[in-house]
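Spelled out, the chains give:
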Amino acid sequence: MTIPETPGRGHDGHDHEDHPGMAHDEEMGYYALRARAMEALLVEKGICSPDEIQGMVDRVEARSPADGARVVARAWADPEFKALLLSDPEAALAQLGYSLPETTPKLDVVENTDKLHHLVVCTLCSCYPRALLGRPPDWYKSLAYRSRAVVDPRGVISEFGLDLGDEVEVRVLDSTADLRYLVLPRRPKGSEGMSEEQLAELVTRDSMIGVANARSPQAVGAG
Ligand code: FE
């Protein structure tokens, strides 16, 4: 099969399932090769050192949805922290020892309520708050999700198992190279009195992307 020169960009819009670079081994080889070539160029041009590149890879690999869950749990437990997280995410995250890359992308934290539900997508490629959640799931990068999340967000969310009532407004946020989004899911009913650590167990990766709600205390055997 042929590999487009600029995969993921300038797509001609047709609707096929085998999006380049998502599933096939030979294309993983292509991407690995391309990444290595880009890394060599960055070093050769003096833009960054191999150590700096490895450092960035290590930082992303060290992050997982558990980090995001810790942030959400703190926001649920501490109204002041929540207000800061929504208004100045960087300052709030610093309080928990997380730092975002100094330059771009910026992070925006959006709150889901019983009236407004946010769904995050990157229609162009796979932009994702990696500095907080680690690497995105494969489905997030799929053409199916990237296209359908915009056209039929309710349908997509419903396929993930969450049916939103008509009274809930759904807002789709398209991530970019400059701006990433983290969803602050609704605090589940029945979670009053739970410790921050227990609350964090209710926060799933999917709930921070907006394709699901947080787990109920009953679901984790805590209710
Ligand atoms: Fe992207």
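See the structure printed just above.
Everything numeric in this text was worked out from a predicted model, so none of it was measured.

(A) Spatial organisation of the coordination of the iron ion. Ligation of the iron ion by protein atoms is provided by Cys-122 (SG), Cys-125 (SG), Ser-126 (N), Cys-127 (N) and Cys-127 (SG), these donors lying 2.2 to 2.7 Å from the ion. Written as a sequence motif, the donor residues of the iron ion are C-x2-C-S-C. What makes Cys-125 partly exposed here is its relative accessible area of 25%. For Ser-126, a relative accessible area of 17% translates into the label buried.

(B) Here's a closer look at the nonpolar core. Judged by nonpolar contacts, the single largest core of 46 residues is most densely connected at Val-71, Trp-76, Leu-85, Leu-93 and Tyr-145. With six residues, the top contributor of residues to this core is helix H3 (residues 65-77). Apart from the residues within four sequence positions on either side, Val-71 is in contact with Phe-81, Leu-85, Leu-93, Leu-96, Tyr-98 and Leu-132.

(C) Molecular detail of the pattern of salt bridges. According to the stated counting rule, one finds eight salt bridges in the structure shown. Notably, a salt bridge pairs Glu-159 with Arg-148, separated by 2.8 Å at the nearest N-O pair. Of the two residues, Glu-159 sits in helix H9 (residues 153-159) while Arg-148 sits in helix H8 (residues 143-151), which places them 11 residues apart along the sequence. Classification of Glu-159 by relative accessible area gives exposed; the value is 57%. Residue Arg-148 is classed as partly exposed on the basis of its relative accessible area, which comes to 31%.

(D) Region of the structure containing the side chain of Asp-206. One can find Asp-206 in helix H11 (residues 205-209). A relative accessible area of 18% places Asp-206 in the buried class. If near-sequence neighbours (up to four positions away) are discounted, Asp-206 is found in contact with Trp-139, Phe-160, Val-211 and Ala-212.

What counts, and where the lines are drawn
Residues numbered from 1 in each chain as written. Predicted model: local features only at pLDDT ≥ 70, side-chain atom pairs only at ≥ 80, totals over all residues. Heavy atoms only, no water. Donors = N, O, S within 2.8 Å, 3.2 Å for Na, K, Ca; no water. Buried < 20%, exposed > 50% of the residue type's maximum accessible area, 1.4 Å probe, protein only. Core = buried A, V, L, I, M, F, W, Y, C linked by side-chain atoms within 4.5 Å. Helix = DSSP H or I, 4+ residues; strand = E, 2+ residues; numbered from the N terminus. Contact = heavy atoms within 4.5 Å. Salt bridge = Lys/Arg side-chain N within 4 Å of Asp/Glu carboxyl O.

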